[in-house]
Amino acid sequence: MAAAAAVPNLYDIPLRALRPATVSSISALLNPPKVLATSDGLPRDWRGLAHLMKVPPHLLPHVSQPDPTGELLKKWTAGSVGLLDEYLGMLDRWDIVDDTKHLMEADAVLHLQNVERALSSASDVDADLDREILTRDDVLRLEQGLPPQRYNAYLLYADADEEFAVKIIEEMENKYNLKLCVRDRDLVAGHVFEHEAIMRLISDRCNRLIVVISENFLKSEANKFFCTFAQALGIDQKRRKVIPVMHKQCRLPPELNYYFVLDYTRSGDLWDFWKKLHDSIETPSIQSREPSSRITIREPVLEEQAQTRVVAENSSKIDIGDNEQKTKVKSHEKQHKISAENIGMKKSTSMSLENLKAKSKKWFGGFPTRVKKNKKAEALVAL
């Protein structure tokens, strides 16, 4: 049993905190006139309350007669619940105090709760994050800064097959620790188009679509639409998307006739329906596809053969290197010989040129370098 809320100080609670039911109870007891006055000579009805409230006597006739107490409490804006309780005691109206004390305290607690609720405010909505929220798991994950929830499979079934759907959820989630998405359990309310939210879950958040086939399932046009939509996704994405599960024997529609169907009604020693369903849903993780470290075992004979092969390869490389070095030396010598021959030719050419100059000097007194005048040119040509 929950502990009762602490009673606040009634002097801190304004009169407007009193609910209409509490005011009506006070008015019913204080409105009737009383003949006997208090020891201070105050009337023990609403008139004594007006005197304590310091209402001028000439205003008393203007107080409405059907409910004068209620009218006084409505106009007493500076009063408090604690002060009203005190005035009732001063009027010797302990009967009213006893009958309405618990009502006043309850009204005071409720008033403080309303004030606290009014002081707190909801946070602003992030439109981008709000569009990502499709399921209850998304709300919890986004509050913790995590990406939206992904599911192993979306479970699609007819309402009449809910009992079998619950079995699938219990087996796959409790025994195999898979995460299934179910419309009635996981989908949050408020989506304008429920079909669009389910299509986003099937295409973006769920690896598979489990289709519970029965006569009731085939009667639903929406279920057949989602099944066709998932088939198109599987073809487009080139992967296995739909897992048909036969709950009750029925005639398969053409779009499911070529699938391998898991038949729940089938029996046999080698037929484990729940294990096959798990294996059909489960997908290998990225980590499992990473190459594992291999352990190499060296055998003495194989290792010796390998070493011999390495030595032979190295020796062949050395021979090839020597041949290449010899070829480079021969090529260099050949080039040197050609250069020497060219130098000899240049020398012989230069010597011939010297002989020619000597002869021209002997014959003509010198080799002409240029012709200054036409006459000399003609004489030279004539010679």
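Before any of the text, the structure's been laid out above.
Residues numbered from 1 in each chain as written. Predicted model: local features only at pLDDT ≥ 70, side-chain atom pairs only at ≥ 80, totals over all residues. Heavy atoms only, no water.

(A) Seen up close, the overall build of the chain. Helix and strand counts for the chain come out as 15 helices and five strands. Considering only intrachain contacts with a sequence separation of at least 6, the fraction spanning at least 24 residues in the chain is 67%. With the model as given, the accessible surface of the chain reaches about 26900 Å², and the carbon-plus-sulfur share is 55%. (Helix = DSSP H or I, 4+ residues; strand = E, 2+ residues; numbered from the N terminus. Contact = heavy atoms within 4.5 Å. Areas by Shrake-Rupley, 256 points an atom, 1.4 Å probe, with all protein chains shown as cover.)

(B) A look at unusual backbone geometry. At Lys-54, a residue that is not glycine, the phi angle is positive and equals roughly 60°. Tracing the backbone shows Lys-54 in the loop between helix H2 (46-52) and helix H3 (68-75). What makes Lys-54 exposed here is its relative accessible area of 74%. Here Lys-238, not a glycine, exhibits a phi torsion of approximately 55°, which is positive. One can find Lys-238 in the loop between helix H12 (221-237) and strand S4 (242-246). For Lys-238, a relative accessible area of 76% puts it in the exposed group. (Buried < 20%, exposed > 50% of the residue type's maximum accessible area, 1.4 Å probe, protein only.)

(C) How the structure looks around the side chain of Asp-85. Within the secondary structure, Asp-85 sits in helix H4 (residues 81-90). Discounting chain neighbours no more than four positions away, the residues touching Asp-85 are Val-97, Lys-101 and Met-104.

(D) Representation of the packing of helix H1 (residues 20-30) against helix H5 (residues 94-119). Look at H1 against H5: their axes get within 10 Å of each other, and the N-to-C directions meet at 165°. By the angle class used here, H1 and H5 are roughly antiparallel. In this structure, H1 meets H5 at a crossing whose hand is left-handed. Contact residues: H1 offers Thr-22, Ser-25, Ile-26, Leu-29 and Leu-30, while H5 offers Ile-96, Asp-99, Thr-100, Leu-103, Met-104 and Asp-107. For the contact of H1 with H5, the class distribution of residues is six nonpolar, three polar and two charged. (Axes fitted to C-alpha atoms, helices over the stretch in contact; angles between N-to-C directions. Parallel < 35°, antiparallel > 145°, perpendicular 65-115°, else oblique. Left-handed = near helix turned anticlockwise from the far one by under 90°. Nonpolar A, V, L, I, M, F, W, Y, C, P; charged D, E, K, R; others polar.)

Read these as spatial facts, not as claims about activity.
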